[in-house]
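# Structural characterization, general
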Amino acid sequence: MPRSVNAVASRARRKKVLKLAKGNFGSRGNVWTVAKNTVEKGLTYAYRDRKNKKRTVRSLWIVRINAAARNNGMTYSEFMGKLNAKGITLNRKVLADLAMNNPKAFEKLVQTVK
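In what follows, the accompanying structure is described.

With 16 residues, the main nonpolar core has I65, F79, M80, L83, L95, F106 and L109 as its most contacted residues. Sorting the residues of this core by element identifies α2 (32-71), α3 (76-86), α4 (92-101) and α5 (103-113) as the ones contributing at least two each. Setting aside residues up to four positions removed in sequence, L109 forms contacts with F79, L83, I88, L90, L95 and L98.

Once that is clear, we can look at the environment of G42. Here G42 shows up in helix α2. For the pair G42 and L95, spaced 53 residues apart in sequence, the C-alpha to C-alpha distance is 34 Å.

Those residues of α4 lying buried are L95, A96, L98 and A99. Down the axis of α4, the smallest arc covering the buried residues is 160 degrees, so these residues share one side. Among the exposed residues of α4, those pointing more than 90 degrees away from its buried face are K93 and N101. Contacts made by the buried residues of α4 are with α2, α3 and α5.

This part is about the packing of aromatic side chains. By the definition in use, this model includes one aromatic pair. Pairing F79 with F106 gives two aromatic rings, centres 5.1 Å apart and planes at 45 degrees, and the pair type is tilted. Of this pair, F79 sits in helix α3 while F106 sits in helix α5, and the two are 27 residues apart along the sequence. Judged by its relative accessible area of 1%, F106 is buried. Here the basic side chain of K51 rests over the ring of Y47, its NZ or CZ set 4.4 Å away from the ring centre.

This paragraph deals with the side chain of N72. With respect to the secondary-structure elements, N72 resides in the loop between α2 and α3. A polar contact of 2.9 Å, which involves the side chain of N72, links it to the backbone oxygen of A68.

Moving on: α2. Each α-helix turn comprises 3.6 residues. Residues three or four places apart therefore point the same way. Between its first and last C-alpha atoms α2 spans 56 Å; for 40 residues at 1.5 Å apiece the expected length is 58 Å, and the two agree. Bending of α2 peaks at approximately 30 degrees at the position of R50. Buried residues of α2: A35, T38, V39, I65, A68 and A69, and no others. Contact partners of the buried residues in α2: α1 (7-20), α3, α4 and α5. With its phi angle positive at about 75 degrees, G73 sits one or two positions after the end of α2.

Further remarks concern the packing of α3 against α5. Running from amino to carboxyl end, α3 crosses α5 at an angle of 70 degrees, the nearest separation of the two axes being 9 Å. Classified by the interaxial angle, the pair formed by α3 and α5 is roughly perpendicular. The handedness of the crossing between α3 and α5 is left-handed. Across the interface between the two elements, F79, K82, L83 and K86 from α3 touch F106, L109, V110, T112 and V113 from α5. Residue composition of the contact of α3 with α5, by class: six nonpolar, one polar and two charged.

Conventions used here
Residues numbered from 1 in each chain as written. Predicted model: local features only at pLDDT ≥ 70, side-chain atom pairs only at ≥ 80, totals over all residues. Heavy atoms only, no water. Core = buried A, V, L, I, M, F, W, Y, C linked by side-chain atoms within 4.5 Å. Buried < 20%, exposed > 50% of the residue type's maximum accessible area, 1.4 Å probe, protein only. Helix = DSSP H or I, 4+ residues; strand = E, 2+ residues; numbered from the N terminus. Contact = heavy atoms within 4.5 Å. Arc of directions from axis to C-beta. Phe/Tyr/Trp six-rings, centres within 6.5 Å; stacked < 30°, edge-to-face > 60°. Lys NZ or Arg CZ within 6 Å of the ring centre and 35° of its normal. Polar contact = N/O pair within 3.5 Å; in protein donor to acceptor, adjacent residues only side chain to side chain. Expected span 1.5 Å × (residues − 1). Bend = angle between axes of the 7 residues up to and from the residue. Axes fitted to C-alpha atoms, helices over the stretch in contact; angles between N-to-C directions. Parallel < 35°, antiparallel > 145°, perpendicular 65-115°, else oblique. Left-handed = near helix turned anticlockwise from the far one by under 90°. Nonpolar A, V, L, I, M, F, W, Y, C, P; charged D, E, K, R; others polar.

The following block contains the structure:
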């Protein structure tokens, strides 16, 4: 009886990985063993950085709020503390958007909490 190796599924699996490795330099894009390692590492980085992106964006919002608050004579921590004390519940995303795109409204917000 002939040996069954399921060549169709094996080839499909290899094609899928080689398609993901397309565009890499040299043998990383077309040699199975090298491409497999490259794709595996790339997917690991992609998973990790989907988490890191959230941290990075939050820190960007904080930097923008801090810069706008300092333009109005207040530090970030003072501003956020006074916002919470007044019971104004705007999240950092909205505050950063106001600081960048509508400085007049942000200035009014600072005047409100002073």
